[in-house]
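Architecture at a glance
The primary structure of each chain is shown beneath.
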Amino acid sequence: MAEQPPERVSFPRLDALRALCFFSVFLFHSFHTERQDLLTSPTRHFVKGFLVASGDLGVNVFFVLSGFLITFLLIRERELGGNIHVGHFWLRRLLRIWPLYFACVAFGFLLFPWFKSMMGQLPNEQADAWYYIFFAANFDMLRNGLPDASTLAVLWSVGVEEQFYLVWPILLFALPTRVYPVLIACIIAASAVFNSFARDNLTILLHTISCMGDLAMGALGAWFLSHQRVAVFLRGIPTWPVILVHSTLLVLFFVRVPLVIHGVPEGVLRLTIALAAVLVLLCQSQWTGKVFMLPARGPLNYLGRISFGLYCLHPIGILVAVHLMRVYECDHRLWQVMLLQPAIALLTTIGLAALSFHFYESPFLRLKSRFAKVARSPEDRLRGR
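In short, a report on the structure. (Residues numbered from 1 in each chain as written. Predicted model: local features only at pLDDT ≥ 70, side-chain atom pairs only at ≥ 80, totals over all residues. Heavy atoms only, no water.)

To continue, consider the pattern of salt bridges. All chains considered together, the criterion is met by ten salt bridges. Where Asp214 meets Arg270, a salt bridge forms, and the shortest distance between an N and an O atom there is 2.6 Å. One end of the pair, Asp214, is in helix α12 (residues 208-225); the other, Arg270, is in helix α15 (residues 266-286), with 56 residues separating them in the sequence. Given the relative accessible area of 2%, Asp214 is considered buried. Arg270 gets classed as buried once you look at its relative accessible area, which sits at 5%. (Salt bridge = Lys/Arg side-chain N within 4 Å of Asp/Glu carboxyl O. Helix = DSSP H or I, 4+ residues; strand = E, 2+ residues; numbered from the N terminus. Buried < 20%, exposed > 50% of the residue type's maximum accessible area, 1.4 Å probe, protein only.)

Here it is, written out as structure tokens:
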């Protein structure tokens, strides 16, 4: 008897949302300069200090997205087959993440110091490679600070997700479905309590327990959506709640830094942003209206599908842009730093991510379908994270 192909689950607008999360992080890391006159420019200060000051929240929304998608697929797998194949889940995650992740780790620890020496600079890497090998880079950064290689600095979030992927399917496999909401609520509460006692905002940003609140909030959204009546309800909601939740997330993006400066706890803001993000996800996944709706296909969706590569490789794109502009002495004017540099970096990043996706990651992604009862899209097996 032929093996039954995996059921397909489609959330096409979430690919576009993932692309927007990448752009948020990319702009947060952009506009590099060492010229004092440009560093103190009011225009650069407005962009870096206000417009993209909360660009790192793209990572928070990535976490919510991951918790939502992974939990929805695991719940659906259990509904279809009566259980969850934990080993197959781990194999799927391994095939999706490990090839590019370890390539970036190797680049950061082996090639980056060599390239830096070739440019006449002294390598000064303080990061511990063992933390990165075992997906604990967030704890290395809490212990040793930012790594010298910017290509390593973004990998902490991949480590957090791998920690989540290690434990989450076991819990969903071992526990009856009726206690899923209790489990998720306990994780969110534990994360909130941890954040309330955290000694600094860096701990709230990087620590696994803090990040689990975002992932669990996404899981809560998936649990709600797994009930058919919730999906039907979301498709028919009026326009004003959709405008409200999207506007709330946008406002939080711009006011988060001022609120922190004025004493609002970062942990409270993190939980609020995660809640707003999961409500946006639910709207984007089900609502049939047009206001605030992201495209279901097109260039933005393609970028969302290769967003793992975009995220991991964008530090290389930025390094290439900064180096080229320095070599050709076109980094002396504000417009060059604010427009030309990010344009070169973005095009380089997209090129690297596309090459990686189609020629390096794709063979591993094709193997994923052999271990899946439920896959994400009816249109394309080679999807994003």
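Among soluble globular proteins, nonpolar side chains are generally buried collectively. Membership of the largest hydrophobic core comes to 86 residues, with the highest contact counts inside it found for Phe68, Tyr132, Leu155, Trp156, Trp168 and Tyr311. For this core, the element with the most residues is helix α4 (residues 57-81), which contributes 13 residues. Filtering out sequence-adjacent residues up to four positions away, Tyr132 remains in contact with Tyr101, Val105, Phe109, Ala127, Ala137, Asp140, Met141, Pro147, Leu152 and Leu155. Listed in part, the 13 residues of the second largest apolar core include Val242, Val245, Ile273 and Ala276. (Core = buried A, V, L, I, M, F, W, Y, C linked by side-chain atoms within 4.5 Å. Contact = heavy atoms within 4.5 Å.)

Nonpolar side chains collect at one region of the surface, where Leu110, Leu111, Trp114, Phe115, Met118 and Met119 lie side by side and expose about 650 Å² of accessible area between them. Considering the arrangement of structural elements, one finds Trp114 in helix α5 (residues 86-118). (Patch = residues over 30% accessible without salt bridge, like charges linked within 9 Å, V, L, I, M, F, W, Y side chains within 5 Å. Areas by Shrake-Rupley, 256 points an atom, 1.4 Å probe, with all protein chains shown as cover.)

The subject of this paragraph is empty space enclosed by the protein. As enumerated under the stated definition, the model contains three cavities of 30 Å³ or more in all. If you go around the second largest cavity, the residues you meet are Ile188, Ser191, Ala192, Asn195, Ser210, Gly213, Asp214, Gly267, Arg270 and Leu271. Counting residues per element, the ones that place at least two in the lining of the second largest cavity are α10 (180-197), α12 and α15. Per-element accounting of the lining of the second largest cavity gives the leading share, four residues, to α10. Partitioning the lining of the second largest cavity into residue classes produces three nonpolar, five polar and two charged. (1 Å grid on protein atoms, 1.4 Å probe; cavity = no way out; pocket = protein on both sides within 12 Å on 5 of 7 lines; lining within 4 Å. Points joined across faces, edges and corners; volume = space filled by probe spheres on them. Nonpolar A, V, L, I, M, F, W, Y, C, P; charged D, E, K, R; others polar.)

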